Amino acid sequence: MVYPIIKFPDPILQRPSDPVTVFDEDLSRLVDDMFESMYLAHGIGLAAPQIGIPKRLTVIDLSFQKTPEDKITLINPEVVTREGKIFEEEGCLSLPDIREKVARAAKVKIRAQDLRGNWFERDADDLLARAFQHEIDHLDGILFIFRISALKRDFAMRKIRKLQRAGDW
Ligand SMILES: [Zn+2]
């Protein structure tokens, strides 16, 4: 099943999601549906609140279906350590057409549960580190436009209102 992507300023995107506690077939199906919805929307990362489900669950595939090993499912993820800082452009399926540079840790170690509920750790740098931080932010109710300067955020808000008025949002 393909879910529509929820856009800013829907309040579900701006509140913390609840931990996943049940690791069953419904969860596996939801993860499959999230990958399907993400690919259809041409995204490389999708968090459950973006499809209206306030659970701490996210899927990522930086290769966009090219390499199966790049399909990553993170359940109840958290950042364990952060190192360095980089400033690169980001986008978000919930903020179409908005791209801004966001400061993120250059390297992170995260821990998360898999579909069976087993905890694992993973180190990441570059784009994957950025994707982990962006998606975990979603689970905490934080969108990337709240990590940029007030001036740039005002500019983004104006663009969003313009798109809304034109019926393109
Ligand atoms: Zn996003």
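As a convention, each chain's residues are numbered from 1 in the sequence order in which they are written. Totals for whole chains, interfaces and linings use every residue, but because this is a predicted model, local features are given only for residues with pLDDT of at least 70 and side-chain atom pairs only at 80 or more, for both listing and counting. Water and hydrogen atoms were dropped before computing side-chain values, which therefore reflect all heavy atoms in the structure.

A. Here's a closer look at the pattern of salt bridges. Criterion for a salt bridge: a side-chain nitrogen of Lys or Arg within 4 Å of a carboxyl oxygen of Asp or Glu. Applying the stated rule across the entire model yields eleven salt bridges. The partner of R104 in a salt bridge is E90, and the shortest N-O contact between them spans 2.9 Å. Of this pair, R104 sits in strand β5 (residues 100-104) while E90 sits in strand β4 (residues 86-90), and the two are 14 residues apart along the sequence. Only protein chains enter the calculation, and the probe is 1.4 Å; a residue is then buried if its accessible area is under 20% of its type maximum, exposed if over 50%, and partly exposed in between. Here R104 falls in the buried class, since its relative accessible area comes to 5%. A residue is classified by how much of its surface remains accessible, and E90, at 4% relative accessible area, is buried. With its nearest N and O atoms 2.6 Å apart, the salt bridge here joins E90 to R130. On the criterion of sequence distance, the pair formed by E90 in strand β4 and R130 in helix α2 (residues 126-139) is long-range, its members being 40 residues apart. Helix and strand assignments follow DSSP, with helices taken as H or I runs no shorter than four residues and strands as E runs no shorter than two, numbered in order from the N terminus.

B. Local environment of the nonpolar core. What makes a nonpolar core is a set of buried Ala, Val, Leu, Ile, Met, Phe, Trp, Tyr and Cys residues whose side-chain atoms join them at distances within 4.5 Å. Formed by 17 residues in total, the largest nonpolar core has its most connected members in F8, L95, I98, F144, I145 and W169. We call two residues contacting when some pair of their heavy atoms lies within 4.5 Å. With residues up to four places along the chain from it excluded, the contact list for F8 reads L13, Q14, S94, L95, L143, I145, F146, M157, I160 and W169. Residues L30, V31, M34 and M38 belong to the second largest nonpolar core, which totals 16 residues.

C. Fine view of the coordination of the zinc ion. Only nitrogen, oxygen and sulfur atoms count as donors, using a 2.8 Å cut-off from the metal that widens to 3.2 Å for Na, K and Ca. Water is left out, so coordination shells may look unfilled. Distances from the zinc ion to its protein donors, C92 (SG), H134 (NE2) and H138 (NE2), fall within 2.1 to 2.3 Å. Expressed as a motif, the donor residue spacing for the zinc ion is C-x41-H-x3-H. Taken together, the residues span a long stretch of sequence, with C92 in the loop between β4 and β5 and H134 in helix α2 at a distance of 42 residues. Overall, the relative accessible area of 10% leaves C92 in the buried class. Residue class for H134 comes out buried when judged on its relative accessible area of 8%.

D. Examining a positive patch on the surface more closely. Taken together, the side chains of R158, K159, R161, K162 and R165 present a region of like positive charge at the surface. Tracing the backbone through its elements, the reader meets R158 in helix α3 (residues 150-165). Nonpolar side chains (Val, Leu, Ile, Met, Phe, Trp, Tyr) are joined into patches within 5 Å and like charges within 9 Å, using only residues with over 30% relative accessible area and no salt bridge. Here the Shrake-Rupley method, with its probe set to 1.4 Å, supplies the accessible areas, and only the displayed protein chains count as covering residues. The charge count includes Lys and Arg as positive and Asp and Glu as negative, but it does not include His or the ends of the chains. Positions of charges follow a simple convention, taking NZ of Lys, CZ of Arg, CG of Asp or CD of Glu.

Just geometry here; none of it tells us what the structure is for.
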